[in-house]
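# Topology and contacts: notes
Take a look at the letters that make up each chain.
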Amino acid sequence: MRGFAAKRPTVDVTTADLDAPVRLPLGSVRPTDAELVQRALEGNAWAEEALYRRYAELVIGTAKRLLGSADDAADVAQDSFLTAFEKLGTLRDASTFKTWLMQIAVRNVHRRFRRRRILRWFGLDDLDETTLEGMASADAPLEVRADLGALGRVLSTIPPTLRLPWMLRHVEGHELTEVAALCDCSLATAKRRIGLAESRVARKFGSAVPE
Amino acid sequence: MTPHRPLREHLDARTTEQEILDVWRRVREKRGGRRLRYPAVLAVLVAALLVAVVVARTPVEPVGKAEAPGPLAALHGSEEVPLSGGAELVHSTDLSDGSRVGMRPGARLSVLENSDHTFVTHLANGHADFTVKPGGPRRWVVECGRATIEVVGTEFSLERSANELRVEVRHGVVLVRGEDVPDHVRRLVAGESLSLTAAAPAASSVGAASSAAPEPSAFSDVGAVKSQSPKDPPDPTSALYAEADRARRAGNAKEATEFLERAVATEAVGHRAALGCFTLGRLYLEELGAPGAAARAFERSLRAGPPRGLEEDVRARLVEARAKMGDSDGARRAASEYRARFPGGRRAADVERWNPGE
């Protein structure tokens, strides 16, 4: 019965940081994205915060891995949620909020890469970027750490237009169709960009992508 | 997810609660319109300096040359909101050049390109009224799937559904281009209209908008009606489809379903039967609020052997109908079948809405 929450009986729930009571469906303490978007559009601050809470970790984590910088990731997350809340009224299908938000985030990551390039031109780039190796989990085997280090060096030479789709596919683990949606390009374009990045990785890495 | 393990699993880029709180605090500050802080002031000063440098270095335009008007913006009261590519218009909107787009409920219009000389939109579905300010500098184009409408200064309406596109011109002139349009292009002047019906290379008609002449049947392209000479009486099934079409256009959904039920009872297979069952399902679903009957009609449409373009719509609608009748298992099955048949299909978002995937 997902998608028909509006027809379910509802109950008034009051939470701490609330402008107005939020009606949540009975039997489901977790409102759908569509319900939260609708409430946020009606000016309900709690619904906005709920949307933020639901996806903050995803947005910040993804941006961190793509950008290799916690500070930049925080900026990207801030800009992405600001844009999303300001343009919420233009979202046609509220249930696609997650994909839409991630599209905005990926676009902002792209902008951040462009900004870095410009700063680099002027010699103003004092970025403390964390490499993939630096992000390796504590229990990662040594050979994986070595692979991540080599991979990070190769990726840094690939332009963001190709690097981002590749990372969304192989680092984040998205389907090709998801990568295309997140990069706001056609499936064919996404495949082509990933293929180009892959060939560069394979050429410089000397083998297939590490798994 | 991809068949192999994503590299993310080897990375430790956890987000701490403090990071989440910090970002939220910054979002709230910005949302609350807090006073400008030092970095923002600095950014404004730098931007002003850059603008001053650019202005100083820009050659002076010859006197009398018109200033570039820039992209169109939507007017919200006294505020102008830029319409970037990908923006969706969901309500009636006044534009910065004095033009207006009127949207009826359910209509979906998105901006594909917006520059100082071109404004291209895409009408995915529904009814939209365009009032384009005459003499403007932009070339207006509306993409409607099976046809492209080009216009400079006019008033016209577009109505698009799964089966039909209708263009009606009230003032001025528009050009309708498309594979389905006779000779691939048709010039319409005030008072004229053009209908293009489903998957119909030959099923288009031009007429006076106010004419009492009968409108073409939506089924004329896939059945026997198309090939009949005016002297021959229509076969009984074609007559039923024609009656159904007339009732549907007149807004009498109940009567239309009765004619359609009789028509599809006389022929079980073929493209026309598939389209008839599909239309029947849509009427049950959208007009009569009977999702169970709609689901049965869509299943009959699939059994009738629809062309691939129609099949995608039928399968997507079947998901919606089953979801609306509370058959979540059936909706899930229909959604799986849709995704298997049309991976990344144009109705994927609708299917996802009615039956979110894992």
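Here the structure is a predicted model, which is why all the values come from computation and not from measurement. Residue numbering note: each chain is counted from 1, following its sequence as written. Each chain is given a letter, starting from A, and each ligand a number, starting from 1, according to the order in which they appear as written. In view of the model being predicted, local features appear only for residues whose pLDDT reaches at least 70, and side-chain atom pairs are presented and counted only at 80 or more, with totals across whole chains, interfaces and linings using the full set of residues. Side-chain metrics rest on all non-hydrogen atoms present in the structure, leaving aside hydrogens and water.

### Considering the packing of aromatic side chains
Which entries qualify depends on this criterion: In this analysis, rings of Phe, Tyr and Trp, with Trp reduced to its six-membered ring, are considered paired at centre separations within 6.5 Å, and the interplanar angle assigns stacked below 30 degrees, edge-to-face beyond 60, and tilted for intermediate values. Helix and strand labels come from DSSP, where a helix needs a run of H or I of at least four residues and a strand needs a run of E of at least two; each type is numbered from the N terminus. The rule is simple: take the accessible area with a 1.4 Å probe, protein chains only, and divide by the maximum for that residue type; under 20% is buried, over 50% is exposed, in between is partly exposed.
For the coordinates displayed, the defined rule picks out 11 aromatic pairs over all chains. Ring geometry for Phe97(A) against Trp100(A): centres 6.1 Å apart, planes inclined by 55°, an arrangement best described as tilted. One end of the pair is Phe97(A) and the other is Trp100(A), both in helix 4 (residues 97–121) and three residues apart, which spans about a single turn. Trp100(A) carries the same exposure label as Phe97(A), and that label is buried. Ring geometry for Tyr338(B) against Phe342(B): centres 5.6 Å apart, planes inclined by 40°, an arrangement best described as tilted. Accessibility classification places Tyr338(B) together with Phe342(B) in one group, the buried group. Through successive ring pairs, a cluster of aromatic residues spans Tyr52(A), Phe81(A), Phe85(A) and Trp24(B).

### Section: helix 5 (residues 142–155) of chain A
Counted only if it meets this: By definition here, a helix of n residues has an expected span of 1.5 Å times n minus one.
The first and last C-alpha atoms of helix 5 of chain A sit 20 Å apart over 14 residues, in line with the 20 Å expected at 1.5 Å per residue. Among all positions in helix 5 of chain A, only Val144(A), Leu148(A), Gly149(A), Leu151(A), Gly152(A), Val154(A) and Leu155(A) are buried.

### Regarding the confidence of the model for chain A
Where we set the bar: The pLDDT score gives, residue by residue, the confidence of the prediction method on a 0 to 100 scale. Contacts are assigned to residue pairs with any non-hydrogen atoms lying within 4.5 Å of each other.
Model confidence for chain A is summarised by a mean pLDDT of 78, while 79% of its residues fall at 70 or above. Confidence drops under a pLDDT of 50 for residues 1–28 of chain A, and excluding neighbours within four residues, the segment shows 47 contacts in the predicted structure.

### Overview of a nonpolar patch on the surface
For clarity, the cut-off: The patches described consist of residues with a relative accessible area above 30% and no salt bridge, like charges being joined within 9 Å and nonpolar side chains (Val, Leu, Ile, Met, Phe, Trp, Tyr) within 5 Å. Areas reported here follow the Shrake-Rupley algorithm with a probe of radius 1.4 Å; residue values treat only the protein chains shown as occluding. Here, a salt bridge means any side-chain nitrogen of Lys or Arg that lies within 4 Å of a carboxyl oxygen of Asp or Glu.
The grouping of Ile118(A), Trp121(A) and Phe122(A) at the surface amounts to a nonpolar patch, some 410 Å² of accessible area in total. Along the chain, the position of Ile118(A) falls in helix 4.

### Topic: helix 1 (residues 33–41) of chain A
Residues and elements named next belong to chain A. Stated precisely, the cut-off is as follows: To be clear, the arc concerns the directions from the helix axis to the C-beta atoms.
Buried within helix 1 we find Asp33, Leu36, Val37 and Ala40. Projected onto a plane normal to the axis of helix 1, the buried residues spread over an arc of 100° and lie on a single side. Buried positions along helix 1 lie against helix 2 (45–67) and helix 4. Note on helix 1: the residue one or two positions beyond its end, Gly43, has a positive phi of about 95°.

### Thoughts on the pattern of salt bridges
A full pass over the atoms with the stated rule returns 34 salt bridges over all chains. One salt bridge connects Arg112(A) with Asp75(A), and the closest N-O pair in it is separated by 3.4 Å. Of this pair, Arg112(A) sits in helix 4 while Asp75(A) sits in helix 3 (residues 70–86), and the two are 37 residues apart along the sequence. Of the residues examined, Arg112(A) reaches a relative accessible area of 10% and is grouped as buried. Residue classification places Asp75(A) among the partly exposed residues on the basis of a relative accessible area of 22%. Between Glu29(B) and Arg25(B) there is a salt bridge whose closest N-O contact spans 3.4 Å.

### Some details on empty space enclosed by the protein
Residues and elements named next belong to chain A. Rule in force here: Both cavities and pockets are sets of points on a 1 Å grid over the protein atoms alone; in a cavity a 1.4 Å probe fits but cannot get out, in a pocket the set is open with protein on both sides within 12 Å along at least five of seven lines, and lining residues sit with an atom within 4 Å of a point. Grid points are joined across faces, edges and corners, and a volume is the space filled by probe spheres set on the points. Gly is put with the polar residues, along with every residue not named as nonpolar or charged; the nonpolar set is Ala, Val, Leu, Ile, Met, Phe, Trp, Tyr, Cys and Pro, and the charged set is Asp, Glu, Lys and Arg.
One pass over the full model with this rule turns up two cavities of 30 Å³ or more. If you add up the space inside the second largest cavity, you get close to 30 Å³. Lining the second largest cavity are Val59, Thr62, Ala63, Leu66, Val76, Met102, Ala105, Val106 and Val109. Contributing elements (two or more residues each) for the lining of the second largest cavity: helix 2 and helix 4. Taken together, the residues that form the lining of the second largest cavity break down as eight nonpolar, one polar and no charged.

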